[in-house]
Amino acid sequence: MNKISNSTQEYFDYISRHFETHNKTREARNHEAKVHSVSWSADGRRLASGSFDKTVCIFALDRDRLIREKTFYAHTGSVDQLCWHPTHSDTLASASADKTVRIFDTRSQKQVHNIGTKGENINITWSPDGNTIAVGNKEDLVSFIDARKGVVRSDQQFKYEVNEIAFNKECDQLFLTTGNGTINVMNIAENKVVNMLKGHTGSCICIDFDPNGSLFAVGSADALVSIWDVAELTCVRMVSRLDWPIRTLSFSHDGELLAAGSEDLIIDIAMVTTGEKITEVQCESPTFTVAWHPKKLILAYACDDKDRESGTIKLYGFES
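A short tour of the structure in this document, coming up.

Rules used throughout
Every chain is numbered independently, its residues counted from 1 as its sequence is written. Where totals are concerned, whole chains, interfaces and linings use all residues; where local detail is concerned, this predicted model gives features only for residues with pLDDT of at least 70, and gives and counts side-chain atom pairs only at 80 or more. Calculation of side-chain values draws on the structure's entire complement of heavy atoms; hydrogens and water are dropped beforehand. Secondary structure counts use DSSP, requiring at least four H or I residues in a row for a helix and at least two E residues in a row for a strand, with both numbered from the N terminus. Every radius of gyration here is taken over C-alpha atoms, with the globule rule written as 2.2 Å times N^0.38, N being the number of residues. Summary of the burial criterion: residues with accessible area below 20% of their type's maximum are buried, those above 50% are exposed, and those between are partly exposed, where the area comes from a 1.4 Å probe applied to protein chains only. Only heavy atoms matter for contacts: two residues are in contact if any of them lie within 4.5 Å across the pair. Note on areas: these come from Shrake-Rupley sampling with a 1.4 Å probe, and a residue is covered only by the protein chains present in the view. Under this rule, positive means Lys or Arg and negative means Asp or Glu; His and the chain ends count for nothing. All charge positions are set by atom: Lys at NZ, Arg at CZ, Asp at CG, Glu at CD. By salt bridge we mean one thing: a side-chain nitrogen of Lys or Arg within 4 Å of a carboxyl oxygen of Asp or Glu. For the purposes of this section, nonpolar cores are sets of buried Ala, Val, Leu, Ile, Met, Phe, Trp, Tyr and Cys residues that join through side-chain atoms within 4.5 Å. Pairing between two strands requires that DSSP report at least two bridges joining them. As a rule, the C-alpha atoms of each element are fitted with a line to give its axis, helices using only the stretch in contact, and angles between N-to-C directions run from 0 to 180 degrees. Pairing of aromatic rings covers Phe, Tyr and the six-membered ring of Trp, with a centre-to-centre limit of 6.5 Å; geometry is then stacked below 30 degrees between planes, edge-to-face above 60, and tilted otherwise.

1. Thoughts on the overall build of the protein chain
- Each helix and strand counted, the protein chain has one helix and 28 strands in total.
- A compact globule built from 320 residues should have a C-alpha radius of gyration of about 20 Å, and the protein chain, at 18 Å, falls within 12% of that.
- Along the first, second and third principal axes, the C-alpha set of the protein chain runs to 55 × 45 × 35 Å.
- Burial status across the protein chain gives 59% buried among its 320 residues.
- Of the contacts formed within the protein chain by residues at least 6 apart in sequence, a portion of 43% connects residues at least 24 apart.
- With an accessible surface of roughly 13900 Å², the protein chain has 45% of that area assigned to carbon and sulfur atoms.
- For the protein chain, the distance from the average site of its 35 positive side-chain charges to the average site of its 44 negative ones is 6 Å.

Written as structure tokens, this is what we have:
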């Protein structure tokens, strides 16, 4: 017990010192309206962003700045969420209000698939094995897409509000955050919900799995972040420092840190094993998307910026 406690304290001290000297923020602006989603490629070389302005932007990370490589104008509606292929770092999927999912090859800078769906899409996730994309729309319908063929395999209609969705590591279950304050676990093969986890008094909004697939975190309208053990399906920790609904979550590449963005004017960065605050990122407006770099302690995020700042992407964690 002392050994675990000591190593935890050592990591806390180390990472706290790290952000004392690595707290510089860089900005890039290439959208004309609010950025809804930011997402890193698997190798960390590129960052993608989707916006209300209907575009998808691809940036290359060059030391401490973002360089725009390509803007895709394929969508005719707001781009609400993005996700990269889990291992192929050139392949990106986007979900849009125009009732389509698009798959892009960022190396050739071309669209590979245009997949029609039944409603205005608001969330998207790629299975860890790379075979399936799940997309949810405003009417609480989740569609399962064959990622290689670019066709919808099946649809599942829910009778309650479904917010974000995420696959488990084994790719046999889909976790859904709901408006009922539950996390519902769907068995994909059986096409049915097999568990309903009650963890919050308000709507469950966002979900993220840690890189090992052993933990997941949920953010809720009750301003709490819950951390869950996947094997036991039990809540092991709560983070309660924020005052407003949690809109976005991201685990760091080592699974040690959890970033939470909300309508508070800060992004909370917590230590996963204890829930303690490591640091916070000051924001001038609510945060709706955060994403840790897959190899570095660099956090990408975008806020509900107004007027001049609208469309800005920010990176936190550079040496100051």
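2. Overview of the pattern of salt bridges
- This structure, assessed with the given rule, holds 14 salt bridges.
- Across the salt bridge formed by Arg-102 and Asp-98, the nearest N and O atoms sit 3.6 Å from each other.
- Judged by relative accessible area, which is 8%, Arg-102 ranks as buried.
- One continuous salt-bridge network, built from bridges that share partners, spans Arg-46, Glu-69, Asp-90 and Arg-107.

3. A short note on unusual backbone geometry
- Despite not being glycine, Lys-54 has its phi angle at roughly 80°, a positive value.
- Along the chain, Lys-54 falls in the loop between strand S3 (46-51) and strand S4 (56-62).
- For Lys-99, which is not glycine, the phi torsion reads 70° and is therefore positive.
- Mapped onto the elements of the fold, Lys-99 is located in the loop between strand S7 (91-96) and strand S8 (100-105).

4. Quick word on the nonpolar core
- Counting residues in each nonpolar core, the largest one holds 19 residues, and the members touching the most others are Leu-257 and Ile-269.
- Counting residues per element, the ones that place at least two in this core are helix H1 (2-21), strand S23 (257-262), strand S24 (266-271), strand S25 (277-282), strand S26 (287-292) and strand S27 (299-303).
- Considering every element that reaches this core, the biggest residue donor is H1, with four residues.
- Those residues within four positions of Ile-269 in sequence are excluded, and the remaining contacts are Leu-257, Leu-258, Ala-259, Glu-276, Lys-277, Ile-278, Thr-279, Val-281, Trp-292, Leu-299 and Tyr-316.

5. Side note on the sheet that holds S27
- One open sheet accounts for four strands, arranged S1-S28-S27-S26; its pairing is antiparallel. Each having just a single partner strand, strand S1 (24-29) and S26 make up the two edges of the open sheet. Sheet twist, expressed as the mean angle between neighbouring strand axes with direction ignored, is 25°.
- One ladder, built from three bridges, connects S27 with strand S28 (residues 312-318); its direction is antiparallel. In the strand pairing of S28, Ala-300 is matched with Leu-315.

6. Examining the sheet that holds strand S5 (residues 65-72)
- Read across the sheet, four strands follow the order S2-S3-S4-S5 without closing on themselves; strand pairing throughout is antiparallel. Sheet topology places strand S2 (35-40) and S5 at the edges, where each strand pairs with a single neighbour. Across the sheet, the mean angle separating the axes of adjacent strands is 25° when strand polarity is ignored.
- As judged from the seven bridges shared by S4 and S5, these two strands associate in the antiparallel manner. Residue Leu-61 lies in a different strand from S5, and its bridge partner there is Leu-66.

7. Considerations on the pairing of S26
- By the criterion of burial, S26 is predominantly enclosed, with five of the six residues buried.
- Across five bridges, the pairing between S26 and S27 is antiparallel. Paired with Thr-289 across the two strands is Ala-302, which belongs to S27.
- A loop of six residues connects S26 with S27, the two strands running antiparallel in sequence.

8. Points about the packing of aromatic side chains
- Inspection of every chain in the model, using the stated rule, returns nine aromatic pairs.
- Between Phe-72 and Phe-104, the aromatic rings sit 4.2 Å apart at their centres with planes inclined by 25°, giving stacked as the arrangement. Taken together, the positions of Phe-72 in strand S5 and Phe-104 in strand S8 put the pair 32 residues apart, joining distant regions of the chain. Each of the two residues, Phe-72 as well as Phe-104, counts as buried.
- Ring geometry for Phe-216 against Trp-228: centres 5.8 Å apart, planes inclined by 5°, an arrangement best described as stacked.

9. Some remarks on the environment of Gln-173
- Along the chain, Gln-173 turns up in strand S15 (residues 173-178).
- When the C-alpha atoms of Gln-173 and Lys-192 are compared, they prove to be 9.8 Å apart, with 19 residues separating the residues in sequence.
- Look past the residues within four positions of Gln-173 in its chain and what remains in contact with it is Ala-166, Phe-167, Asn-168, Val-185, Met-186, Ile-188 and Val-194.

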